[in-house]
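Chain by chain, the residues run as shown.
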Amino acid sequence: MRKITLSNGKEVEVECLSCALTNGLIEPDGGVVLETEYFHAHQDVAYPIKGLMILASKRHIKCFDELTEEEKIDYIQVLTRIRKAQRDVLGIDYVYYFYNEDTTHHFHTWMVPRYGWMAEFGRSVESLRPALLHARHKMNHHENIDEVMGAIDVLREELTHSQSNG
Ligand SMILES: [Zn+2]
C-alpha cells in the first residue's frame, strides 16, 4: 500500500492511484471529465494548467502492448475526442502527450496544452517538467484555479454533448 496525499490535504492508502481514480474510490478535484468502457479522463489540479487532461486505462496495466484490441480502439477514439474538445471549446492549438511505462501507478497519458508562457522553458520535451512545476508553484492562485475548474466543466459538457450525438 502507498500513502498518497490528495490536493485537499487528505491522506489515503491505495495500492495504485490510477486504480483508485478509475474505480471511483478517489474523486478527482473537478470531477471525472469523461468515462468510457475502458478509459477514464480527469484533470490533475495539482498542476493547474487549463485543459490539461489525464487519460487513464481502467485496467491495471503498464505497457502499451498490453492493450486489448477493444482498448486500443477506445483509446484512440477517446484521445481524439478530448483533443477535439480542447480545440473547439478552449481554443487549444497544440498539445504535448506524455506517457511513461515505468509508472508507479498504471497506464495513463498526460495531455498537456502548449501555452505561450511555456516557451521560456524550451520548445519540446525538455520544457514539460519545468512548465508543470511552474504551474504548480506559481499559478496555484485563486484566479487561475477558477479558470482551470471552469475549463474542466466546459470540457465535460462538450464531451457529454458530442457523445450523445454519436
Ligand atoms: Zn492500477
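Our subject is the structure that appears above.
Residues numbered from 1 in each chain as written. Predicted model: local features only at pLDDT ≥ 70, side-chain atom pairs only at ≥ 80, totals over all residues. Heavy atoms only, no water.

**Remarks on the sheet that holds strand E4 (residues 39-42)**
The five strands lie next to each other as E3-E4-E5-E7-E6, forming an open sheet whose pairing is antiparallel. Only two strands of the sheet have a single partner each, and these edge strands are strand E3 (34-35) and strand E6 (95-98). Note: E3 against E4, two bridges, orientation antiparallel. Paired with Leu-34 across the two strands is Ala-41, which belongs to E4. (Pairing = 2+ DSSP bridges. Helix = DSSP H or I, 4+ residues; strand = E, 2+ residues; numbered from the N terminus.)

**Concerning the packing of aromatic side chains**
Aromatic ring pairs are described here by two measures, namely the spacing of the ring centres and the angle between the planes. The final tally for this structure, using the stated rule, is nine aromatic pairs. Ring geometry for Phe-64 versus Tyr-99: centroids 5.9 Å apart, planes at 45°, classification tilted. Of this pair, Phe-64 sits in the loop between strand E5 (53-57) and helix H2 (69-90) while Tyr-99 sits in the loop between E6 and strand E7 (108-113), and the two are 35 residues apart along the sequence. Given a relative accessible area of 41%, Phe-64 falls into the partly exposed group. We classify Tyr-99 as partly exposed; its relative accessible area is 22%. Taking 6.4 Å as the distance between ring centres and 90° as the angle between the ring planes, the aromatic pair formed by Trp-117 and Phe-121 counts as edge-to-face. (Phe/Tyr/Trp six-rings, centres within 6.5 Å; stacked < 30°, edge-to-face > 60°. Buried < 20%, exposed > 50% of the residue type's maximum accessible area, 1.4 Å probe, protein only.)

**Re the coordination of the zinc ion**
At this site the zinc ion is bound by Cys-16 (SG), Cys-19 (SG), His-60 (ND1) and His-106 (ND1), with donor distances of 2.0 to 2.3 Å. For the zinc ion, the four donor atoms in the first shell make angles of 106 to 117° at the metal, a pattern classed as tetrahedral. Sequence spacing of the donors to the zinc ion: C-x2-C-x40-H-x45-H. Each member of the pair, Cys-16 together with Cys-19, is buried. (Donors = N, O, S within 2.8 Å, 3.2 Å for Na, K, Ca; no water. Tetrahedral: all angles 85-135°; square planar, octahedral: opposite > 155°, others 65-115°.)

**Details of the state of the cysteines**
Tallied over the entire structure, the rule returns zero disulfides. Not engaged in a disulfide, the cysteine Cys-63 finds its nearest cysteine sulfur in Cys-16; these two sulfurs lie 13 Å apart. (Disulfide = S-S within 2.5 Å.)

**Topic: the side chain of His-106**
Tracing the backbone through its elements, the reader meets His-106 in the loop between E6 and E7. Only 3.2 Å separates the side chain of His-106 from the side chain of His-60, close enough to count as a polar contact. Apart from the residues within four sequence positions on either side, His-106 is in contact with Cys-16, Ser-18, Cys-19, Thr-22, Ser-57, Lys-58, Arg-59, His-60 and Ile-61. (Polar contact = N/O pair within 3.5 Å; in protein donor to acceptor, adjacent residues only side chain to side chain. Contact = heavy atoms within 4.5 Å.)

**Looking at the nonpolar core**
Ranked by size, the top nonpolar core spans 24 residues in total, and within it Leu-55 and Ile-82 carry the most contacts. Going through the elements one at a time, E4, E5, H2 and helix H4 (142-164) are the ones with two or more residues in this core. A per-element tally of this core places H2 first, with six residues. Apart from residues no more than four positions distant in its own chain, Leu-55 is found in contact with Phe-39, His-40, Ala-41, Tyr-75, Val-78, Leu-79, Ile-82, Phe-107, His-108 and Thr-109. (Core = buried A, V, L, I, M, F, W, Y, C linked by side-chain atoms within 4.5 Å.)

**Some details on the environment of Glu-126**
Along the chain, Glu-126 turns up in the loop between E7 and helix H3 (128-138). By relative accessible area, Glu-126 is classed as partly exposed at 47%. Side-chain polar atoms of Glu-126 contact the backbone nitrogen of Arg-123, separated by 3.0 Å.

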